[in-house]
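# A closer look at the structure
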Amino acid sequence: MQTNKKAIDLPTEEVIIEKKEFKSISLKELTIMDIPPRKAIIDPLIMEGSSMEINGASGIGKTWFTLEMLCSICTGEKFLGKYEVANPRPVYYIDGEMPLESIRDRMNMIMARYIYKYKVSEIPFHISNPLLFKNNFIPKINDTKITQPIFKDEVKRFSDIYQKPLFICFDNLSCLTDYKENDNDDWTSMLDMYTELKHEGHSICHVHHVGKGGHQRGASRKHDALDTVIHLKRPEEYDASEGAVFNVKFDKHRHFAGEYARSFKCAIKVDDNNKVSWDISDFKDVASEELLTAYCMGLPDITYTKLEEEFGISKSSIGRTIKHCVKNGLYVTKMKEIYGDEWLKYDKLINKQTKKGVSLSNTKEPTETTTEIPF
């Protein structure tokens, strides 16, 4: 016997499609908008929600420099004895190549200066390393389908624990990614992740190797969105017996300028108790060829002030370098290379001496022994 069953109308789910907008505000709205000021982490080098790069040649001391910076950020101790840590925060350090034992040894040597102030269990420093993963292999962080979602969950977990945004450091890009370095589009996945993390208040640093010529390696887009780029370079007079010694130069500095952006020299010192400290001094050398070329190309309007802003070294150091180039004949050689036989028309050093009647004959070109530039 067949029974008639009344059809039951099941509720349907309403799908709401959000209208897409390209938002904007007026200048008036901008002027009255309540925008919370960004906090400085290391004042004024690193701001909350910023991104930066530390680069240099292999073996120069990038990891030493980076770990010193991270220890300052998570404890609030002064960075290199030079920069105040205004807002300490938890650190998440993702290392791609160092043995864990080496990281522990370096951390112990750095923290030995002030570990008596803190309980190790209370220091908010967390580490990822290949030895912690299956097959001692850390997944590539530019993988948008698997690694990045898991990584962002881990960042959220730490952030929830401390109720603060993190300072995240990737050391280094060569080990932790497999993107094509010369392809700007291939960097998009990393750029998108950086942007998302920065909007949540996290700050990011990545460590990278430079090319054989000592310059940026790979696609230029990698630097476009960065706020700060710190370049570590060997001093010209460096000897391998000196150990970890390098010049610190700010290739990009969006939030600071002037004295704060001036280059300086770092040397790592280890005492008898295996405690690390840093000897900070003036940036004493600059690639003479690079500085001399910039000076000559800028004539006749170039000034030491302009060069100071470009190279981040003091005017007195620039003056000494240019004077040395004049005395050893490099200045005249460079001027002829750039301007040919008409180089004297652009010159303001040799002609300056000629007008004073100090050294030069009107019929002879200047020589090394007849040029004396007062600075």
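Residues numbered from 1 in each chain as written. Predicted model: local features only at pLDDT ≥ 70, side-chain atom pairs only at ≥ 80, totals over all residues. Heavy atoms only, no water.

## What about the pairing of strand β3 (residues 51-56)?
Of all six residues in β3, six are buried, a share of seventy percent or more. Neither face of β3 is exposed, since Ser-51, Glu-53 and Asn-55 on one face and Met-52, Ile-54 and Gly-56 on the opposite face are all buried. Here six bridges tie β3 to strand β8 (residues 203-209), and the two strands are oriented parallel to one another. From the neighbouring strand, Asn-55 faces β8, where its bridge partner is His-208. As paired strands, β3 and strand β9 (residues 228-233) are joined by five bridges and run parallel to one another. (Buried < 20%, exposed > 50% of the residue type's maximum accessible area, 1.4 Å probe, protein only. Helix = DSSP H or I, 4+ residues; strand = E, 2+ residues; numbered from the N terminus. Pairing = 2+ DSSP bridges.)

## Looking at helix α2 (residues 62-75)
A rise of 1.5 Å per residue sets the reference length of α2, with its 14 residues, at 20 Å; its end C-alpha atoms lie 20 Å apart and thus fit the reference within 8%. Along α2, 14 of the 14 residues are buried, which leaves the element largely enclosed by surrounding structure. One or two positions beyond α2, positive phi appears at Gly-76, with a value near 90 degrees. (Expected span 1.5 Å × (residues − 1).)

## A look at the packing of helix α9 (residues 304-311) against helix α10 (residues 315-327)
With their axes 9 Å apart at the nearest point, α9 and α10 run at an angle of 105 degrees to one another. Considering the angle they form, α9 stands roughly perpendicular to α10. The residues of α10 that touch α9, namely those facing Tyr-304, Thr-305, Leu-307 and Glu-308, are Lys-315, Ile-318, Gly-319 and Ile-322. Tallied by class, residues from the contact of α9 with α10 come to four nonpolar, two polar and two charged. (Axes fitted to C-alpha atoms, helices over the stretch in contact; angles between N-to-C directions. Parallel < 35°, antiparallel > 145°, perpendicular 65-115°, else oblique. Contact = heavy atoms within 4.5 Å. Nonpolar A, V, L, I, M, F, W, Y, C, P; charged D, E, K, R; others polar.)

## Notes on the packing of aromatic side chains
Two aromatic rings are characterised by how far apart their centres lie and by the angle between their planes. Under the definition given, this model contains 19 aromatic pairs. Judged by centre distance (5.7 Å) and plane angle (15 degrees), the ring pair of Tyr-92 and Phe-151 falls under stacked. Of the two residues, Tyr-92 is situated in strand β5 (residues 91-95) and Phe-151 in helix α4 (residues 147-162); the sequence distance between them amounts to 59 residues. Tyr-92 sits in the buried class, given a relative accessible area of 6%. Residue Phe-151 is classed as buried on the basis of its relative accessible area, which comes to 8%. Plain terms: the ring middles of Phe-170 and Tyr-194 are 6.2 Å apart, the flat faces sit at 5 degrees to each other, and that makes the pair stacked. Of this pair, Phe-170 sits in strand β7 (residues 167-171) while Tyr-194 sits in helix α6 (residues 188-199); the two residues are 24 residues apart in sequence, bridging distant segments of the chain. (Phe/Tyr/Trp six-rings, centres within 6.5 Å; stacked < 30°, edge-to-face > 60°.)

## Overview of the layout of surface pockets
Volume-wise, the second largest pocket comes out at about 260 Å³. The wall of the second largest pocket is formed by Ile-103, Arg-104, Met-107, Asn-108, Met-111, Ala-112, Ile-115, Val-120, Ile-123, Phe-125 and Ile-127. The leading source of residues in the lining of the second largest pocket is helix α3 (residues 100-111), at five residues. In the lining of the second largest pocket, the residues fall into nine nonpolar, one polar and one charged. (1 Å grid on protein atoms, 1.4 Å probe; cavity = no way out; pocket = protein on both sides within 12 Å on 5 of 7 lines; lining within 4 Å. Points joined across faces, edges and corners; volume = space filled by probe spheres on them.)

## Quick notes on unusual backbone geometry
A cis amide bond links Asp-171 to the next residue, Asn-172, at an omega of 5 degrees. The step from Leu-299 to Pro-300 runs through a cis peptide bond, and the omega angle for that step is 5 degrees. Secondary-structure assignment places Pro-300 in the loop between α8 (288-297) and α9. One non-glycine residue with positive phi stands out, namely Leu-80, at about 60 degrees. Along the chain, Leu-80 falls in the loop between α2 and β4 (84-85).

## Details of the confidence of the model for the protein
Per-residue pLDDT for the protein averages 85, and the proportion of residues at 70 or more is 86%. Here residues 354-375 scores under 50 on pLDDT; set against residues more than four positions off or in separate chains, the count is 31 contacts. (pLDDT = per-residue confidence, 0-100.)

## Focus on the sheet that holds β4
One key point about sheets: their strands pair by backbone hydrogen bonds, in either a parallel or an antiparallel sense. Sheet architecture is open: three strands sit in the order β2-β1-β4, paired in antiparallel fashion. Of all strands in the sheet, those bounded by a partner on one side alone are β2 (46-47) and β4. Across two bridges, the pairing between strand β1 (residues 40-43) and β2 is antiparallel. Within β2, the position partnered with Ala-40 by the bridge is Met-47. Set on the sheet, α2 makes contact with β1, β2 and β4; between it and β1 the angle comes to about 125 degrees.

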